[in-house]
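Architecture and fold: a report
One-letter residues, chain by chain:
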Amino acid sequence: MSHPRTVPPSVDVVIVGAGFSGMYLLHKLRELDLTAVVFEAGADVGGTWYWNRYPGARVDVESLAYSYSFSDELEQEYEWQERYPTQPEILKYARHVADRFDLRKDIVFRTRVSAATWDEGAKSWLVRTEHEDAVTARFLVMATGCLSASKMPEIPGLDTFKGATYHTAHWPHEGVDFSGLRVGIIGTGSSGVQSIPVIAEQAADLTVFQRTPAYSLPARNRRLRPDEIKTMKLNYRKFRQAQRESGFGVPTPVPTKSALEVSEAERDAAFEVAWESGSLVNLLTAYKDLAVDQAANDTAKRWIHRKIHDIVSDPQVADDLSPEYPVGTKRPCLDTNYYETYNRPNVHLVNLRRTPLVEVTEKGIRTSEREYEFDAIVYATGFDAMTGALTNVDIRGRDGLSLKETWSAGPRTYLGIGTAGFPNFFMITGPGSPSVLSNMVVSIEQHVDWVTDAIAHLREQGLRVIEPVREAQDAWVDHVNEIASYTLYPKANSWYMGANVPGKPRVFMPYAGGVGEYRKKCDEVAAKGYEGFELTV
Ligand code: N01
């Protein structure tokens, strides 16, 4: 897509990223008559849904709920096709939004922001891009997404392989034809779990290299029925309110019972209902203590292990696919035929816990046991989550303070929105906010609304600078850690903990207190004149 490249020298707000956050933020800022420019590394809008084009890529929150709520007209006119839409359908929606609100004229595509420096004298940011653009802005907003800095595995020989190499997060736009090929795939998180069944249907042979198995539930995807679309459109306002007050940004009944106070038969029946429902949240909220009590969580773990053994015919493969960490402490997956795929004769599972990866070779992949030969290797190896996209930009706050260095022992934020030492700097769904533990669109809209309200408030009050107070930030970080410590989350080596990136500090990064509670806290802060932030001229 060609687009004239006009970069204004000075704007009110520089936005980094034209995904769901950046697009809505641009729209809101225009409503406030503020000028903004969005820098986007991709050639079009969509963020996650622009980059992650691997086979089988879908969202795992229902389309009618995973969509913007800010415009009644948009809600009413848009026609979703499937319960869990494919990446192309979601990208089509993002493009539709960009066209409908005429967003592209303020987006500079194919341009990565490389550095941003706070100028204390001018009380503004100087933002630089990879193409030597330099823009001054009163505010800098990182709308960079939580899962956008992709990562390769730390193994020798990555460049030596002579066949084709792909990463799920940088999939070729023209697609890949695996027909007749021997394919190896490393990684069994959401991207692996979604792509493995689709690649297996095409490839001559698929070998899956698994370090940690995922808990995966069947998505039970289907086309949406006209009557359910109609009902939702009639009830959207009430539904959106329920989303905002919920725990995960997806309205669900609040559980009242402990998994340990009911009979095994009752529990099994409840888990079966959740499994059949095709929703992640229903399983995690079947009982009130699944996220906080090991014994309660073990009941769900044992039940899912049984399911895996029912589906997968080879008992050793079923064992290898059965996770040991508590259910929900690494991001669970929704799949279509994931476990069933391991019954195919052309699919092989390599358990890297028994035979670790040694290197990538010219011909394929070598484990401690043997060399496997491939025509193509797929890396479904995930992201430097939550902080990678922020610290990859050389952001310098007061007195040249580097964000990367400041966060070297883990991210420290106030509400996941701002960070001390970095005036007029906002993050949309930053670490310390519910973000990845929620329906992202709900959290994005809440942050964008809060940030634009804060900017409007400054203008009304004749103030120019807003920055978190260190004590308030320390208290928030303590609170985020305290909530996490009540849960089982820290028990798994997850990307929530930074554990997938060697050397990254082990800190539970998202806020686990729930979307509704978090929103209340943010609203309270604003109502008290932005308590915990310092506002100055
Ligand atoms: O990445 P991941 P992802 N050697 O980090 C393995 C969202 N998302 O792209 O677990 C061997 O989950 C790694 O093993 P381990 C969703 O929030 C949503 O799949 O670290 N293996 C793991 O198995 C999701 O959680 C959707 O031991 C290595 C895999 O690679 C998040 O994005 C779809 C390795 C990486 O899994 C990330 O998902 C897709 C190594 N050196 C993504 N390094 C939906 O909406 C890594 N691995 C459905």
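Fair warning: this is a prediction, and the values are worked out from it, not measured in the lab. (Residues numbered from 1 in each chain as written. Predicted model: local features only at pLDDT ≥ 70, side-chain atom pairs only at ≥ 80, totals over all residues. Heavy atoms only, no water.)

Take the packing of aromatic side chains next. The tally for this structure, following the rule as stated, stands at 39 aromatic pairs. For the ring pair Tyr 24 and Phe 70, a centre distance of 4.5 Å and an interplane angle of 20° mean the geometry is stacked. One end of the pair, Tyr 24, is in helix 1 (residues 20–31); the other, Phe 70, is in the loop between helix 2 (48–51) and helix 3 (72–77), and 46 residues separate them in sequence. Exposure remark for Tyr 24: the relative accessible area of 4% places this residue in the buried category. These aromatic residues form a ring-pair network of at least three members: Phe 20, Tyr 24, Trp 49, Tyr 66, Tyr 68, Phe 70, Tyr 78, Trp 80, Tyr 93 and Phe 101. In this structure, Arg 53 packs its charged tip against the face of Tyr 50, placed 4.8 Å from the ring centre. Above the face of the Tyr 372 ring, Arg 370 is positioned so that its terminal group lies 3.9 Å from the ring centre. (Phe/Tyr/Trp six-rings, centres within 6.5 Å; stacked < 30°, edge-to-face > 60°. Helix = DSSP H or I, 4+ residues; strand = E, 2+ residues; numbered from the N terminus. Buried < 20%, exposed > 50% of the residue type's maximum accessible area, 1.4 Å probe, protein only. Lys NZ or Arg CZ within 6 Å of the ring centre and 35° of its normal.)

In this section: the packing of helix 1 against helix 14 (residues 440–461). The packing of two helices is summarised by the inter-axis angle and the distance between the axes. The contact between helix 1 and helix 14 brings their axes to 10 Å, and the two run at 35°. Crossing angle aside, the handedness with which helix 1 passes helix 14 is right-handed. Judged by residue contacts, Phe 20, Ser 21, Tyr 24, Leu 25, Lys 28 and Leu 29 of helix 1 engage Val 441, Ile 444, Glu 445, Val 448, Asp 449, Thr 452 and Ile 455 from helix 14. Class assignment of the residues belonging to the contact of helix 1 with helix 14 gives a composition of eight nonpolar, two polar and three charged. (Axes fitted to C-alpha atoms, helices over the stretch in contact; angles between N-to-C directions. Left-handed = near helix turned anticlockwise from the far one by under 90°. Contact = heavy atoms within 4.5 Å. Nonpolar A, V, L, I, M, F, W, Y, C, P; charged D, E, K, R; others polar.)

What follows deals with the side chain of Lys 301. Residue position: Lys 301 is located in helix 9 (residues 294–311). A relative accessible area of 12% places Lys 301 in the buried class. If we ignore the near neighbours within four places in the chain, the residues touching Lys 301 are Tyr 215, Pro 323, Glu 324, Tyr 325 and Val 327.

Moving on, we come to helix 6 (residues 226–245). For an α-helix the count is 3.6 residues per turn, leaving residues at separations of three or four pointing the same way. Over its 20 residues, helix 6 runs 27 Å from end to end, which matches the ideal 28 Å to within 8%, given 1.5 Å per residue. Taken as a whole, helix 6 carries its principal kink of about 75° at Tyr 236. Those residues of helix 6 that sit buried are Glu 228, Ile 229, Met 232, Lys 233, Tyr 236, Phe 239, Arg 240 and Gln 243. Elements that come into contact with the buried residues of helix 6 comprise helix 3, helix 14 and helix 16 (515–527). (Expected span 1.5 Å × (residues − 1). Bend = angle between axes of the 7 residues up to and from the residue.)

Around the ligand lies a shell of 27 residues, among which Ser 191, Gln 194, Arg 211, Thr 212 and Lys 330 are the nearest. Contacts to the ligand include Thr 188, whose backbone N or O atom sits 2.9 Å from an oxygen atom. With respect to the ligand, the side chain of Ser 191 contributes an N or O atom lying 2.6 Å from an oxygen atom. In isolation the ligand offers 900 Å² of accessible surface; the protein chains occlude 90% of this area. Residue contributions to the shell around the ligand peak at three residues, all from helix 5 (residues 190–202). Residues of the shell around the ligand, tallied by class, amount to ten nonpolar, nine polar and eight charged. (Near = heavy atom within 4 Å. Polar contact = N/O pair within 3.5 Å; in protein donor to acceptor, adjacent residues only side chain to side chain. Areas by Shrake-Rupley, 256 points an atom, 1.4 Å probe, with all protein chains shown as cover.)

What follows covers the side chain of Thr 299. Mapped onto the elements, Thr 299 comes out in helix 9. Contacts of Thr 299, omitting those with residues within four sequence positions, involve Ala 259, Leu 260, Arg 267, Phe 271 and Leu 290.

Here the focus is the sheet that holds strand 15 (residues 371–373). Taken in spatial order, the three strands of this open sheet run 13-14-15, and their pairing is antiparallel. With partners counted over all chains shown, the strands left at the sheet margins are strand 13 (357–360) and strand 15, one partner each. In this sheet, neighbouring strand axes are inclined to one another by 20° on average, regardless of whether the strands run parallel or antiparallel. Bridging between strand 13 and strand 14 (residues 364–367) involves three bridges; their strand directions are antiparallel. Residue pairing for strand 14: Val 360 is matched across the bridge by Ile 365. (Pairing = 2+ DSSP bridges.)

Assignment of secondary structure puts Met 427 in strand 18 (residues 425–427). Looking at Met 427, the relative accessible area reads 1%, which means it is buried. Separated by 284 residues in the primary sequence, Met 427 and Ala 143 place their C-alpha atoms 6.3 Å from one another. Once you skip the residues sitting within four places of it in the chain, Met 427 turns out to touch Met 142, Leu 390, Trp 407, Thr 413, Gly 416, Ile 417, Gly 418, Thr 419 and His 447.

The tally for this structure, following the rule as stated, stands at 37 salt bridges. One salt bridge in this structure joins Arg 237 and Glu 75, with 2.7 Å as the shortest N-O distance. In this pair, Arg 237 is assigned in helix 6 and Glu 75 in helix 3, connecting sequence segments 162 residues apart. Lys 301 is paired through a salt bridge with Glu 324; the nearest N and O atoms lie 2.9 Å apart. Highlighted residues: Lys 301 in helix 9 and Glu 324 in the loop between helix 10 (315–320) and strand 11 (333–335), separated in sequence by 23 residues. (Salt bridge = Lys/Arg side-chain N within 4 Å of Asp/Glu carboxyl O.)

Our focus in this paragraph is helix 14. The terminal C-alpha atoms of helix 14, which comprises 22 residues, lie 31 Å apart, in line with the 32 Å expected from a rise of 1.5 Å per residue. By the criterion of burial, helix 14 is predominantly enclosed, with 17 of the 22 residues buried. Trailing helix 14 by a residue or two, Gly 462 shows a phi angle of about 70°, which is positive.

Another aspect to go through is the pairing of strand 14. For a regular strand, side chains alternate in direction, first toward one face of the sheet and then toward the other. Hairpin geometry of strand 13 and strand 14 is characterised by an intervening segment of three residues between the two adjacent antiparallel strands. Bridge count for strand 14 against strand 15 is three bridges, and the pairing is antiparallel. In the sheet register, Ile 365 faces strand 15, and the bridge partner there is Tyr 372. Counting the residues that bridge the hairpin from strand 14 to strand 15 gives three residues.

The next thing to look at is the environment of Tyr 325. Here Tyr 325 shows up in the loop between helix 10 and strand 11. Along the backbone, Tyr 325 and Trp 495 are 170 residues apart, and their C-alpha atoms lie at a distance of 14 Å. Residues in contact with Tyr 325, not counting those within four places in the same chain, are Thr 212, Pro 213, Ala 214, Tyr 215, Lys 301, Lys 330 and Ala 492.

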